[in-house]
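Chain and residue survey
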Amino acid sequence: MNDKIKKSFDLTRQAGILAAKTLDSLNKIIQPGITTDQIDKFCLNYINDHKGYSAPLFYRGYPKSCCTSVNHVVCHGIPSNKTLNEGDILNVDVTVFKDGWHGDTSRMFMIGDCSIKAQRLVKTTYEAMMKGINILKDGIFLGDIGFEIQTHVENNGFSVVRDFCGHGIGKSFHLSPNILHYGEKGKGEKISTGMIFTIEPMINAGKFPTKTLSDGWTAVTKDKTLSAQFEHTVGIKEDGFEIFTLSQENLDQPKYDI
């Protein structure tokens, strides 16, 4: 690995660690009765206190510091005075900008006791993301990643959202290439050592079509079924990969009753 790649990995790692710690810390406050706006303020303050900046804030006009997507919201849910209730599922998506580089990650939280179907959806989504990550190495195709994710999801009776995808990341928030979470083996661009991008599958309990609400941001399932998402920022090495946004406390996914 050359010095330029090593430096990019080092700086992404620092941003990713802070992003993951932010989500780890949310476990102390997320419970029935909290509002998504309180979650947003917590993330903003935690990142600022650790000498980072919340990249989503004012990005393309986005008004908040994180995204909070509840139940049938697929992604880009805007924090508000909405109260979380027992049985809700929640995705919190944070992106840290630190020392000129980005670390982007999201994670599901289950509020109190959740239905078996909701738990299956969340668990399958995490497994699908990791199946896509675990094959990463220099020389595979982007389609290989999508194939692994799509196969696992559809084998479990769920569907992969087509309207949103992962992306390259580094000094800028969003870069090429786009990382589709469905696809065919051997298709698409070859990945190579030094690439940094996100893998962030959005998985629906029903069908995959989505629609964006009038706020211009909030994407929901068209059939109003539940949706779940996980996201990691990863880097490609000669012999594999590095996940820059792993939990420091083994909290990458919630605990299930199934």
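Structure's up top.
I will try to describe carefully the structure that is included in this document. (Residues numbered from 1 in each chain as written. Predicted model: local features only at pLDDT ≥ 70, side-chain atom pairs only at ≥ 80, totals over all residues. Heavy atoms only, no water.)

A closer look at the overall build of the chain
- Counting its secondary structure elements, the chain contains four helices and 15 strands.
- Against the compact-globule benchmark of 18 Å for 258 residues, the chain has a radius of gyration of 17 Å, which places it among compact chains.
- Over its C-alpha atoms, taken along the principal directions, the chain stretches across nearly 50 × 45 × 35 Å.
- Put simply, 70% of the contacts in the chain that link residues at least 6 apart link residues at least 24 apart.
- Carbon together with sulfur atoms contributes 49% to the accessible area of the chain, which is approximately 11,300 Å² in total.
- Each charge class in the chain can be summarised by its mean position, and for the 29 positive and 30 negative side chains these summaries are 2 Å apart. (Helix = DSSP H or I, 4+ residues; strand = E, 2+ residues; numbered from the N terminus. Rg over C-alpha atoms; globule rule 2.2 N^0.38 Å. Contact = heavy atoms within 4.5 Å. Areas by Shrake-Rupley, 256 points an atom, 1.4 Å probe, with all protein chains shown as cover. Lys, Arg positive; Asp, Glu negative; His and termini not counted. Charge placed at Lys NZ, Arg CZ, Asp CG, Glu CD.)

Topic: the sheet that holds strand β6 (residues 159-160)
- Strand order across the open sheet formed by three strands is β6-β10-β13, with antiparallel pairing between neighbours. Because the sheet does not close on itself, it has two edges, and the strands there are β6 and β13 (227-229).
- Two elements, strand β10 (residues 202-204) and β13, share three bridges in a ladder whose sense is antiparallel. When the sheet's bridge partners are listed, Met202 is paired in β13 with Gln229.
- Sheet contacts for helix α3 (residues 116-134): β10 and β13; angle to β13, the most-contacted strand, approximately 35°. (Pairing = 2+ DSSP bridges. Axes fitted to C-alpha atoms, helices over the stretch in contact; angles between N-to-C directions.)

Re α3
- Here α3 spans 27 Å end to end across 19 residues, near enough to the 27 Å set by a 1.5 Å rise per residue.
- All buried positions along α3 are accounted for by Ala118, Gln119, Leu121, Val122, Thr124, Thr125, Tyr126, Ala128, Met129, Met130, Gly132 and Ile133. (Expected span 1.5 Å × (residues − 1). Buried < 20%, exposed > 50% of the residue type's maximum accessible area, 1.4 Å probe, protein only.)

Examining the pairing of strand β8 (residues 175-179)
- Two elements, strand β7 (residues 166-168) and β8, share three bridges in a ladder whose sense is antiparallel. Within β8, the position partnered with Gly166 by the bridge is Ile179.

Digging into the packing of aromatic side chains
- If you walk through the whole model with that rule in mind, you get five aromatic pairs.
- On the numbers, 4.7 Å between centres and 50° between planes, the contact of Tyr59 with Phe173 is tilted. With Tyr59 in the loop between β1 (53-54) and β2 (67-70) and Phe173 in the loop between β7 and β8, this pair connects stretches of sequence that are 114 residues apart.
- Tyr59 gets classed as partly exposed once you look at its relative accessible area, which sits at 23%.
- Residue classification places Phe173 among the buried positions, given a relative accessible area of 10%.
- On the numbers, 5.0 Å between centres and 80° between planes, the contact of Tyr62 with Trp217 is edge-to-face. Here Tyr62, found in the loop between β1 and β2, pairs with Trp217, found in the loop between β11 (210-212) and β12 (219-221); they are 155 residues apart in sequence, far enough to count as distant.
- Taking relative accessible area as the criterion, Tyr62 reaches 2% and is therefore assigned buried.
- Residue classification places Trp217 among the partly exposed positions, given a relative accessible area of 22%.
- Sitting over the ring of Tyr182, Arg162 keeps its end group 4.7 Å from the ring centre. (Phe/Tyr/Trp six-rings, centres within 6.5 Å; stacked < 30°, edge-to-face > 60°. Lys NZ or Arg CZ within 6 Å of the ring centre and 35° of its normal.)

A look at the nonpolar core
- One finds Ile89, Ile133, Leu136, Ile145, Ile191, Phe197 and Ile199 to be the most contacted residues of the largest nonpolar core, which totals 33 residues.
- Put simply, the parts of the chain that give this core at least two residues each are β5 (101-110), α3, α4 (142-155), β9 (196-199) and β14 (232-237).
- Sorting elements by how many residues they give to this core places α3 first, with eight residues.
- Discounting residues that sit within four places of it in the chain, Leu136 has contacts with Ile145, Ile191, Phe197, Ile199, Val234, Ile236, Gly240 and Phe241.
- Listed in part, the 20 residues of the second largest apolar core include Ile47, Val70, Val94 and Val96. (Core = buried A, V, L, I, M, F, W, Y, C linked by side-chain atoms within 4.5 Å.)

A closer look at the environment of Ile149
- Positionally, Ile149 belongs in helix α4.
- The exposure class of Ile149 is buried, given its relative accessible area of 0%.
- Separated by 143 residues in sequence, Ile149 and Lys6 place their C-alpha atoms 28 Å apart.
- Other than its neighbours up to four places away in sequence, Ile149 contacts Ala128, Gly132, His181, Ile199 and Pro201.

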